Amino acid sequence: MPKIRLFAILSTLVVLAGCGGEAAGAGGSQQFVLRVGMTSVTGTVQGNLGWAEERGLLRDRLRPSGVREVRFSFFQSGADVSSALLSGAIDVAVTGDMPALRTRAKGNPTRLLALTTVNADIWLIGRKGGPSDIDALVGGTVTAPEGTIRHRVAYGLLHAAGLTDRIQIRNVPTPESLAGLSSGSIDATVVGGTQAYELERKGFVVIDKASHHPHLLSTEHSTALQSFLDAHPGFGEAWGTAIAAVNQDVRDNISAYWEYAAKKDAVDVTLAAKAEPAGHFNVEPFPADGVAQVRATYEFLRQQKLIDAEFDIDSWLVTS
C-alpha cells in the first residue's frame, strides 16, 4: 500500500476515534469536532487554511455555530477526499472544482459551502530539454492524478490543442510524476503554485498554462452533505463567513502570508508571491468571478462528457 494512502487511512481513523460524541455548549447548544478533509502530499495543512489553523482563525469564527475544534485529514487526491465525505469519515471536503462537481453530478446530496480560493493557475511543464510545444508531446508521456484539478486542466489544454484523441493522460500521482519528469521518463505533467515556478526556475520547460485559456482557471471548493447541514443549522453560512474572514486576514497580512507560504513550501518568498497573488483569496464566499469559473468548469465537463448528469449550480450554493 502506498505510504500516502496508508497515512490518509491512519489519519482518518485517528480523527474518527477522537469524535466519539458531542458536548453541550453554552445555552444548551451542541458542540462538535469538525472534521475537514483535504489533499496534501506533505501531511500538513497548507495555504490559507494552514494560515488560519496556525492563527486559530477558523476555529474562532466557527465557534458560534457549535464547532469546538477543527481536525484535518489528508488524502492523495480530491476524489479520495470526496469519497471520505460520502462515507461519513469527514464533514467538510476541501477539493478542486472537478472532484466537487463530479461528486454532485453523480446524484450525491452535497452542497457548496464556499469557494476557498479562486483564479488558480495550473501549468503543463515538460522535462528539461524536452518539447516546448504541446503538439510535440504526441507519442510522449503526459501525466496527472485522475479526478483532480490538474487532470481537468491537462485534459483542457490537450482539448484546446485538438490532441485529446492523440495523447493519453496517464493517472500518476504528483510526487511520482515529478520524479519521472526529473529522470526524463515522463515528458510532461501538470502542477501549480510555487511548485510550478520552482520547476521553471530549475530549467524545466513551461509548455502551456491554464491562464492562457481563461475557462481553465480553477476554484477550490468546500462541500458538505446536506444531512450534515441539517444536523447543524447555520453551519453552512458560518463556514462561508469564516472563509471570507480568513481570506481577508490573508490579504491584510499578505507579506507575512507569503513568508509563511514560502517556508511551508521551502521556496523563496518571491515565488510564493507570484504563485499566490492577493486576487487568489476571495473575501466573500461566492465572488462573481469565482462563480463564473465554476460555471465555465461545469459547462466544459458537460461538453466533454466528464460528468454524469446536469444539475442546477444556483441551488447547489449555500447562500442563505
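The numbers attached to residues start from 1 for each chain and follow its sequence in the written order. Totals for whole chains, interfaces and linings use all residues, but because this is a predicted model, local features are given only for residues with pLDDT of at least 70 and pairs of side-chain atoms are given and counted only at 80 or more. Computation of side-chain values: all heavy atoms of the structure, hydrogens and water removed.

The helix and strand labels rest on DSSP assignments: H or I over at least four residues marks a helix, E over at least two residues marks a strand, and numbering proceeds from the N terminus. The span one expects for a helix is its residue count, reduced by one, times 1.5 Å. Compared with an ideal rise of 1.5 Å per residue, which puts 16 residues at 22 Å, helix α13 (residues 288-303) spans 22 Å between its outermost C-alpha atoms and is within 8% of the ideal. Those residues of α13 not exposed but buried are G290, V291, Q293, V294, T297, Y298, F300 and L301. Residues of α13 that are buried make contact with α5 (97-105), β5 (110-120), α6 (149-160), β11 (218-225) and α14 (313-316). Directly after α13, the chain includes K305, whose backbone phi takes a positive value near 60°. The classification of residues rests on relative accessible area computed with a 1.4 Å probe and restricted to protein chains. Under 20% of the type maximum is buried, over 50% is exposed, and intermediate values are partly exposed. What makes two residues a contact is simply this: any of their non-hydrogen atoms within 4.5 Å.

Here, a salt bridge means any side-chain nitrogen of Lys or Arg that lies within 4 Å of a carboxyl oxygen of Asp or Glu. Here the structure, examined in full by the defined rule, presents 11 salt bridges. A salt bridge links D249 to R55; the nearest nitrogen and oxygen atoms lie 3.0 Å apart. Of this pair, D249 sits in helix α10 (residues 235-252) while R55 sits in helix α2 (residues 47-55), placing them 194 residues apart in sequence. A salt bridge links E198 to K202; the nearest nitrogen and oxygen atoms lie 3.9 Å apart. In this structure, a network of salt bridges that share partners links the residues R59, D60 and R63.

With that settled, the discussion passes to the packing of α2 against α10. Helix axes are fitted only over the stretch in contact, all axes being lines through C-alpha atoms; the angle between N-to-C directions runs from 0 to 180 degrees. Two elements in contact, α2 and α10, have axes whose closest approach is 10 Å; the angle formed by their N-to-C orientations is 90°. Considered as vectors, α2 and α10 are oriented roughly perpendicular to each other. For the pair α2 and α10, the contacting residues are N48, L49, W51, A52 and R55 in the first and I243, V246, N247, D249 and V250 in the second. Any angle from 65 to 115 degrees is called roughly perpendicular, while one under 35 is roughly parallel, one over 145 is roughly antiparallel, and all others are oblique.

Moving on to unusual backbone geometry. The bulk of non-glycine residues show a negative phi, and the bulk of peptide bonds are trans. Unusually for a residue other than glycine, N119 sits at a positive phi of about 60°. By the secondary structure assignment, N119 is in strand β5. We classify N119 as partly exposed; its relative accessible area is 28%. The backbone phi angle of A266 is positive, close to 55°, even though this residue is not glycine. Checked against the element boundaries, A266 lands in the loop between α11 (254-265) and α12 (269-275). Of the residues examined, A266 reaches a relative accessible area of 67% and is grouped as exposed.

The subject of this paragraph is the sheet that holds strand β9 (residues 188-192). Strand pairing is defined by DSSP finding a minimum of two bridges between the two strands. Read from one edge to the other, the open sheet built from 5 strands follows the order β8-β7-β9-β6-β10, with strand pairing classed as mixed. Edge strands, defined here as strands with exactly one partner in the open sheet, are β8 (169-171) and β10 (205-209). Within the sheet, the average angular offset between the axes of one strand and its neighbour, ignoring direction, is 35°. Each of β6 (122-126), β9 and β10 touches helix α8 (residues 193-201); the most contacted strand, β9, lies at about 130° to it.

Taken by themselves, the reported measurements are silent on function.
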